[in-house]
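Architecture and fold: a report
Spelled out, the chains give:
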Amino acid sequence: MYKLLSLTLPAALMATTTSLSAAETSYGYETVDGVEIFFREAGNPENPAVVLLHGFPSSSHQYRNLIDDLSDEYYLIAPDYPSFGASSFPSPDVYEYSFDNIAETVDAFLEQKGIDQFSMFIQDYGAPVGFRIAVEHPEKIEGLIIQNGNAYEEGVNPDTWEPIIHLWENGREDEHDQFIIDNVFSVEGLRWQYTHGTRNPDAILPDNWLLDHQFLSRPGMHDVQIGLFYDYRNNVAKYPEWQAYLREHQPPALVVWAKNDAFFPVPGAEGYLRDLKDVDYNILDTGHFALEEDGALIAEKMRGFLGKLHAE
């Protein structure tokens, strides 16, 4: 059974688990260039691998149910990025918090774990992390599962992104930073990200935003996260490069896009139809974190997609 983790974790979790059974999730750490990367994994490592890359403000916690749903046939692994979830939070003096560097850390993590062929589930921040890895190692990518993982300018909603676009255009300003802290990093702001656009907001697990708020409230975290918001402009600049990767390498893709996502609207999903030939395309009536409301449906879609992918 999944057990909620506190900021101070049991010593037993400090060692990587090497013996897995299909029905249970194991938790561990992998030290990557001095950074302790927390991860969840389940399933037989001899089975096809699925790497699950989380979004903001979440962590591998967002994949807790999906891992259980698919571990009978697949090996699933979900790392927390540095400063997210239960991974370590090194000082910005010793770790550069940029999407380039986070992707390098995740790439090194997968290499250390010996995962060299895999499908990727990318959602929100998982897209800029995952596409950097895919561009660097196209031979490793067997397929993409895309859940509001954006790679197109039309997939950015200028209304909800306005505070971040202001940041890109004007740089860091104390008053604007405080506006983001008050409206995005508050409990209510985080709750809104999980419940907006859902069919039944009262059914969304409050642990999601309460855990995120706990991690985001650590000293120095607001500055790091606003810095990543500022760095996100470099992701938009890389969209043409990622689109070129898609057109050239044509990875099979399953798109399960939440149409009520306030940040990444449906035109972002439509972009994949232009660049990819093999797309299982699905638009879901839910919000940004679609797994919270449509997890069973997404798991079923993934089982069909991965089954077809590995039958060929």
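None of the values given here were measured: they were computed from a predicted structure. (Residues numbered from 1 in each chain as written. Predicted model: local features only at pLDDT ≥ 70, side-chain atom pairs only at ≥ 80, totals over all residues. Heavy atoms only, no water.)

A few points about the overall build of the protein
Keep this limit in mind: Secondary structure elements are taken from DSSP: a helix is a run of H or I of four residues or more, a strand is a run of E of two residues or more, and numbering for both begins at the N terminus. Just to be clear, the radius of gyration here is over C-alpha atoms, and the globule rule we use is 2.2 Å times residues to the power 0.38. Classification of residues uses two cut-offs on accessible area relative to the type maximum, computed with a 1.4 Å probe and protein chains only: under 20% is buried, over 50% is exposed, and between them is partly exposed. Note on definitions: a residue-residue contact is assigned when non-hydrogen atoms from the two residues lie within 4.5 Å. Surface accessibility in these figures is a Shrake-Rupley result with a 1.4 Å probe; residues are shielded only by whichever protein chains are displayed. Residues scored as positive are Lys and Arg, those scored as negative are Asp and Glu, and His as well as the terminal groups of each chain are ignored. Here the site of a charge means NZ on Lys, CZ on Arg, CG on Asp, or CD on Glu.
Along its length, the protein carries ten helices and eight strands. Computed over C-alpha atoms, the radius of gyration of the protein comes to 18 Å, within 12% of the 20 Å expected from 2.2 N^0.38 for 312 residues, which places it in the range of a compact globule. Here the C-alpha coordinates of the protein stretch approximately 55 × 50 × 40 Å along the principal axes. Classification of the 312 residues of the protein by burial places 57% in the buried group. In the protein, of all internal contacts separated by at least 6 residues, the share reaching a separation of at least 24 is 74%. Carbon and sulfur atoms form 49% of the exposed surface of the protein, whose accessible area is close to 12,800 Å². Positive and negative side-chain charges in the protein, numbering 19 and 51 respectively, have mean positions lying 4 Å apart.

Let's talk about the sheet that holds strand β8 (residues 279-284)
This is how the line gets drawn: Here, a strand pair is defined by DSSP locating no fewer than two bridges between the strands. Angles here are taken between N-to-C directions and fall from 0 to 180 degrees, while the axes themselves are lines fitted to C-alpha atoms, restricted in helices to the stretch in contact.
Ordered by their spatial adjacency, eight strands build an open sheet running β1-β2-β4-β3-β5-β6-β7-β8, and the pairing between neighbours is mixed. With one partner strand each, in any of the chains shown, β1 (25-32) and β8 form the two edges of the open sheet. Neighbour to neighbour, the strand axes of the sheet diverge by 20° on average, direction disregarded. When β1 meets strand β2 (residues 35-42), the two strands line up antiparallel, connected through eight bridges. The residue bridging Glu30 from the neighbouring strand is Ile37, located in β2. Contacting β3 (49-53), β5 (118-122), β6 (141-146), β7 (253-258) and β8, helix α10 (residues 291-311) runs over the sheet at an angle of about 155° to β6.

Digging into the pattern of salt bridges
When the charged atoms of two side chains with opposite charge come close together, those side chains can pair. Convention followed: Salt bridge criterion: a side-chain nitrogen from Lys or Arg within 4 Å of a carboxyl oxygen from Asp or Glu.
Summed over the entire model, instances satisfying the criterion amount to 14 salt bridges. Here Arg172 makes a salt bridge to Asp177, at a shortest N to O gap of 2.8 Å. Judged by relative accessible area, Asp177 falls into the buried class, the value being 9%. The partner of Glu241 in a salt bridge is Lys238, with the nearest N and O atoms 3.5 Å apart. Of this pair, Glu241 and Lys238 both sit in helix α8 (residues 221-249), three residues apart, which is roughly one turn of the helix. Classification of Glu241 by relative accessible area gives partly exposed; the value is 37%. If you follow the salt bridges from partner to partner, you end up with Asp72, Glu73 and Arg303 in one network.

As for the confidence of the model for the protein
The condition that has to hold: Here pLDDT means the predictor's own confidence in every residue, given as a number from 0 to 100.
Across the protein, the average pLDDT comes to 93, with 92% of residues at or above 70. Within the model, the stretch residues 1-22 combines pLDDT values under 50 with 41 contacts to residues more than four positions away or in other chains.

Observations regarding the side chain of Gln193
If you trace the backbone, Gln193 turns up in helix α6 (residues 187-195). Leaving out residues up to four positions away in the same chain, Gln193 has contacts with Phe56, Pro57, Val184, Phe263, His288 and Phe289.

What about the nonpolar core?
The condition that has to hold: By nonpolar core is meant a set of buried Ala, Val, Leu, Ile, Met, Phe, Trp, Tyr and Cys residues that side-chain atoms within 4.5 Å join together.
Judged by nonpolar contacts, the single largest core of 70 residues is most densely connected at Phe118, Met120, Tyr125, Val129, Phe131, Tyr232 and Tyr272. Considering each element in turn, this core owes the most residues, eleven residues, to α8. For Tyr232, the residues in contact, after removing those within four places along its chain, are Phe99, Tyr125, Pro128, Trp161, Trp168, Tyr239 and Phe264. Grouped together as the second largest cluster of nonpolar side chains are 24 residues, Ile67, Leu291, Phe305 and Leu306 included.

Description of the side chain of Thr198
What counts here: Two N or O atoms form a polar contact when they lie within 3.5 Å of each other; inside protein one atom must be a possible hydrogen donor and the other a possible acceptor, and for residues adjacent in sequence the pair counts only when both atoms belong to side chains.
Here Thr198 shows up in the loop between α6 and α7 (207-216). Relative accessible area serves as the criterion here: at 12%, Thr198 is assigned to the buried category. Here Thr195 takes part through its backbone oxygen, which lies 2.7 Å from a polar atom of the side chain of Thr198. If near-sequence neighbours (up to four positions away) are discounted, Thr198 is found in contact with Ile204, Thr286, Gly287 and Glu293.

Concerning the packing of aromatic side chains
Applied cut-off: What counts as a ring pair is set by centres within 6.5 Å for rings of Phe, Tyr and Trp (its six-membered ring), and what kind of pair is set by the plane angle: stacked under 30 degrees, edge-to-face over 60, tilted for all other angles.
The tally for this structure, following the rule as stated, stands at 26 aromatic pairs. Seen from their ring centres, Phe84 and Tyr125 are 6.2 Å apart, and the 75° between their planes marks the pair as edge-to-face. Of this pair, Phe84 sits in the loop between β4 (75-79) and α2 (99-112) while Tyr125 sits in the loop between β5 and α3 (126-136), and the two are 41 residues apart along the sequence. In terms of burial, Phe84 and Tyr125 fall into one category: buried. Three or more aromatic residues joined by ring pairs make a cluster, and in this case those are Phe56, Tyr81, Phe84, Phe99, Tyr125, Trp161, Trp168, Phe185, Phe229, Tyr232 and Phe264.

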